[in-house]
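Spelled out from the first residue to the last, the chains are:
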Amino acid sequence: MGRAEERRARQRGGRRAAPRSRSSQAVMEAEPTVVGQGRAAARKSAKAGRGGRTGNGDKSLIRRMFTWKKILGTFFGLCLLGIGAFVVLYLMIGIPAGNADAKLQSNVYKYSDGKILTRDGDVNREVVALSQIPKGVQRTFVAAENKTFYNDAGIDLKGTARGLLNTLSGKGAQGGSTITQQYVKNYYLTQDQTVTRKLKEMVISLKLDREKSKDYILAGYINTSYYGRGCYGIQAAAQCYYRVDAGKLSVAQGAYLAALLQAPSQYDWAVATDAGKKLVKARWNYVLDNMVGQGWLDKSERDGLKFPVPKGPKPSAGKKGQIGYLVDAANNSLEKQLIAQGSAEDAKQAEAMVEAGGWTITLNIDKEKQAALEKSVKDQLTSKLDKKKRKVDGDVQPGAVSVDPKTGAVVAMYGGVDYLKHFTNNATRRDYQPASTFKPVILAAALDEGAETQDGKEITANTIYDGTSKRPVKGSDIAFAPENEDDQNYGDVTVQTAMNKSINSVFAQLGVDVGMDNVLKVAGDLGMDTSGLKAVPAQTLGTMGASPLEMAGVYATLDNHGKKVTPTIIKSVQNSSRKVQLPNPIGEQVVSREAADSVTSVLTGVVDDGTARTSVRDNPKRDGQKVAGKTGTSDNNKSAWFTGFTPSLVTSVGLFGENSKSHAQVPLTGATGLIPSPGRINGGGYPAQIWATYTFGVQTKVTKFDLKTDQGAAVQPTRTATASQSPTSSPSQSPTSQSPTSEPSPSDTPTSEPPTSSTPSAPETSEEPTDPETSPTDGESEDPLDPDLGQ
């Protein structure tokens, strides 16, 4: 075939001419019909030829595009891209601050013996240092969750990849994360199942593992994990399931808590099904077997372990009853100390710091004494109140505080019938008058300051004053003529008798003789809040506000021989992020020992021959116990008090009239319906009864006062004359506690001259100290419910 023919053939069939060779010529010779075909046949043949060549070309293109070299190159390229992206993420993502929810903790409150009083907070979590947890218990968590924890880099690539794939495919969460990753998820991130969160988890875990120790991470993990029953962290879990602190957990118990983390609700023994119990037991065995495998537990010891069945759920005590009052009092004390030591700038910040949680506060409250005080209030008072019968019964609010005078510890506190019904703590409120319980403060000021009467005689317990009701005080720039209770006139009496019978006119004059500035100064030194008080004679009646806590501190200082006692409800405080240094409750000498002991001596007379004799002196449980104290009944009977003490226990009891709806101060008169008309509630009645029942119940050992004084009822001779316990209406009535013929002093004579009428108007009685009581002529009731004559 010539060149022209080949060209024509290519044009007709689109087929490349075969090379000029024998084979091609043979082909052409074998197909003579092709050469001779017409245009149509040639066109048809060309079309077929094009179609065959196109199919072969597509296959070649696929082969060229998906060669092994290109596939491997693409794979390695994607890997490099992923690594680069991860490097960028690693550089961009830092270790964030812990999320707020993960930092929430409860505050834990304990009795003085370490037993739990209550927990308070939205989250039941209490962070503990890893050093407090036994090493074996620490390892149970590693054996359960991440055996390679101490050697890995903080992440499990295989498990994380599986988690990412499951997240992308919508299969949900899967196991495989390391302890570090779980801690990061709990503390720094959230529980969301997203790719972004998984990637952040990896990056933060790697960084955390490089920057922090394994112990730091493990501590964070076991303190943030959820164990069921609303318990977060190992300390809360230890209490929830075994009623012990984390530091006292056994390996067997730790293995159960570690097993719980896989399925807290399903594995809680108290509610688990039979299948759930089998699963948690299997998990418990798995944990212990892993510990043996890691060399952390001897095989023989492991074989001897028995499954530690957890205790059932215990309902939270919350704040019901007295608990809320105790919690609030402890919180207030802690807040004040945070401000005092500079940890908080103001009350608002201090409160926020306490509310943030994480505090373990051990109170000085003695569980047995607390129960005894509560029972005494119920038995002696609240069980007799019926607001359906008497409206006034709904207005009675009792409060009490008991203090150890040697340590200042508040060992018991009664804040009200129920915190959930009455939020104001009656033990710490300061809006009611202490009334005549303030009189010992006046006497302490007189004795400590070496004060003198208007005629220049030194004041002692035997000094004689005019006890006439409404007698104007002398030496005051402000006119003042106080009325005695029931407008009783007592005539000339010693200070001792004036204290026994709570004679207002005597102490008004005594306060002016001492100087009201001096009285308020000594009151402040003894522990009362006197800021803003005016130094006027009316303060001698105890018209300022005071709380049972405050008055317990004042009397505790007297009981402690004049060394300042500050009642303290907190025994110790622990917090993982800050330290609190508690001040010493025992301070310096604020009044001389002789002055303090003399006041104590005088106050024994109030019990043995005064307004508290029926409730306290004659109480069958007294059994010879030495007691000093003072009653108090405020103006219009809005409050009634008894604050008394033995050598080792001081307790102040107050009753307050508070309208149950408006909360205004109202009289207590008529409450219980058991007191004869007019039904006045006096300090020597219910308050003294509560005091005596409580004190003689917990004070089983008889003790005596160690007094360095020659004044007062405690050092009176064995034979005591009581001239007339109720005066006539004549203001010239002779002294009831001292006269040259009827009541010899043990060592001193009166420093002020007795009045001209020095002979008693009534025959002298000769009663022994064990029974100094005589029948009053002013209608004083010997009913134990109403033993008070004065305030």
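Everything numeric in this text was worked out from a predicted model, so none of it was measured. (Residues numbered from 1 in each chain as written. Predicted model: local features only at pLDDT ≥ 70, side-chain atom pairs only at ≥ 80, totals over all residues. Heavy atoms only, no water.)

Asker: Explain the overall build of the chain to me, using residue names and the numbers behind them.
Answerer: Within the chain, the regular secondary structure consists of 27 helices and 15 strands. Looking at the chain residue by residue over its 791 residues, the buried ones come to 50%. Partitioning the intrachain contacts of the chain with sequence separation of at least 6 by distance along the chain shows that 71% fall at a separation of at least 24. Roughly 36700 Å² of accessible area belongs to the chain as shown, and the carbon and sulfur atoms make up 52% of that amount. (Helix = DSSP H or I, 4+ residues; strand = E, 2+ residues; numbered from the N terminus. Buried < 20%, exposed > 50% of the residue type's maximum accessible area, 1.4 Å probe, protein only. Contact = heavy atoms within 4.5 Å. Areas by Shrake-Rupley, 256 points an atom, 1.4 Å probe, with all protein chains shown as cover.)

Asker: Outline a positive patch on the surface, listing residues and values.
Answerer: There is a patch of like positive charges on the surface, built from Lys-115, Arg-243, Lys-311, Lys-314 and Lys-367. Structurally, Lys-115 is set in the loop between strand 1 (107-110) and strand 2 (116-120). Using a relative accessible area of 48% as the deciding quantity, one classes Lys-115 as partly exposed. (Patch = residues over 30% accessible without salt bridge, like charges linked within 9 Å, V, L, I, M, F, W, Y side chains within 5 Å. Salt bridge = Lys/Arg side-chain N within 4 Å of Asp/Glu carboxyl O. Lys, Arg positive; Asp, Glu negative; His and termini not counted. Charge placed at Lys NZ, Arg CZ, Asp CG, Glu CD.)

Asker: Please give an account of unusual backbone geometry that cites residues and values.
Answerer: Between Ser-677 and the following residue, Pro-678, the backbone shows a cis peptide bond with an omega angle of 10°. With respect to the element layout, Pro-678 can be found in the loop between strand 15 (649-657) and helix 27 (686-698). A positive phi angle is found at Asp-486, which is not glycine, with a value near 60°. Among the structural elements, Asp-486 can be located in the loop between strand 8 (464-466) and strand 9 (492-494). Its relative accessible area of 45% is what places Asp-486 among the partly exposed residues. One non-glycine residue, His-561, adopts positive backbone phi at about 60°. Along the chain, the position of His-561 falls in the loop between helix 24 (548-559) and strand 10 (563-565).

Asker: Before we move on, can you summarise the confidence of the model for the chain with the specific residues and values?
Answerer: The pLDDT averaged across the chain works out to 82; a share of 74% of its residues lies at or above 70. A low-confidence stretch, residues 21-37 (pLDDT under 50), is modelled with five contacts involving residues beyond four sequence positions or located in other chains. (pLDDT = per-residue confidence, 0-100.)

Asker: Kindly report on the state of the cysteines, identifying the contributing residues and their values.
Answerer: Within the structure shown, the criterion is met by one disulfide. Two residues, Cys-231 and Cys-240, share a disulfide whose sulfurs are 1.9 Å apart. Linking Cys-231 and Cys-240, the disulfide has an S-S dihedral of approximately -75° and is accordingly described as left-handed. Taking the relative accessible area as the measure of exposure, Cys-240 reaches 14% and is therefore buried. (Disulfide = S-S within 2.5 Å.)

Asker: So what's going on with the packing of helix 9 (residues 179-187) against helix 11 (residues 214-224)? Residues and values would help.
Answerer: Where helix 9 meets helix 11, the closest approach of the two axes is 9 Å, and the angle between their N-to-C directions is 55°. By the angle class used here, helix 9 and helix 11 are oblique. As helix 9 packs across helix 11, the resulting crossing turns out to be left-handed. Between helix 9 and helix 11, the contacting residues are Ile-179, Thr-180, Gln-182, Tyr-183, Asn-186 and Tyr-187 on the first element and Tyr-216, Ile-217, Leu-218, Gly-220, Tyr-221 and Thr-224 on the second. Of the residues that constitute the contact of helix 9 with helix 11, the class distribution is seven nonpolar, five polar and no charged. (Axes fitted to C-alpha atoms, helices over the stretch in contact; angles between N-to-C directions. Parallel < 35°, antiparallel > 145°, perpendicular 65-115°, else oblique. Left-handed = near helix turned anticlockwise from the far one by under 90°. Nonpolar A, V, L, I, M, F, W, Y, C, P; charged D, E, K, R; others polar.)

Asker: Could you give me a rundown of a negative patch on the surface, with the residues and numbers involved?
Answerer: A surface patch of like charges, here negative, comprises Glu-452, Glu-458, Glu-594 and Asp-710. Tracing the chain through its elements places Glu-458 in the loop between helix 20 (439-449) and strand 8.

Asker: Outline the sheet that holds strand 1, supporting the account with residue identities and numerical values.
Answerer: Sheet strands pair via backbone hydrogen bonds, and the direction of the pair is either parallel or antiparallel. Spatially, four strands are ordered 2-1-5-11 in an open sheet, and the strand pairing comes out mixed. Unpaired on one side and paired on the other, strand 2 and strand 11 (570-575) mark the two borders of the sheet. Going from strand to strand, the sheet's axes swing by 15° on average, the running direction of each strand aside. As defined by bridge partners, strand 1 adjoins strand 5 (residues 359-363) across three bridges and the pair is classed as parallel. Among the inter-strand pairings, Lys-110 is bridged to a residue of strand 5, identified as Thr-362. Lying on the sheet, helix 17 (residues 323-340) is in contact with strand 1, strand 2, strand 5 and strand 11; it crosses strand 5 at an angle near 110°. (Pairing = 2+ DSSP bridges.)

Asker: Talk me through the side chain of Asp-209; I want residue IDs and the actual numbers.
Answerer: Within the element layout of this structure, Asp-209 appears in helix 10 (residues 195-211). According to the relative accessible area criterion, Asp-209 is buried, its value standing at 17%. Discounting residues that sit within four places of it in the chain, Asp-209 has contacts with Asp-152, Ala-153, Gly-154, Thr-180, Lys-214 and Ile-217.

Asker: For the pattern of salt bridges, give the residues involved together with the corresponding values.
Answerer: Evaluated as defined, the whole model comprises 24 salt bridges. A salt bridge links Glu-145 to Arg-283, with the shortest nitrogen-to-oxygen separation between them at 3.2 Å. With a gap of 138 residues between them, Glu-145 in helix 7 (residues 135-145) and Arg-283 in helix 15 (residues 274-293) connect regions that are remote in the sequence. Of the charged contacts in the structure, one is a salt bridge between Asp-268 and Arg-229, with a shortest N-O distance of 3.0 Å. In this pair, Asp-268 is assigned in the loop between helix 14 (264-267) and helix 15 and Arg-229 in the loop between helix 11 and strand 4 (231-232), connecting sequence segments 39 residues apart. Its relative accessible area of 21% is what places Arg-229 among the partly exposed residues. The network of salt bridges with shared partners includes Asp-120, Lys-319 and Asp-328.

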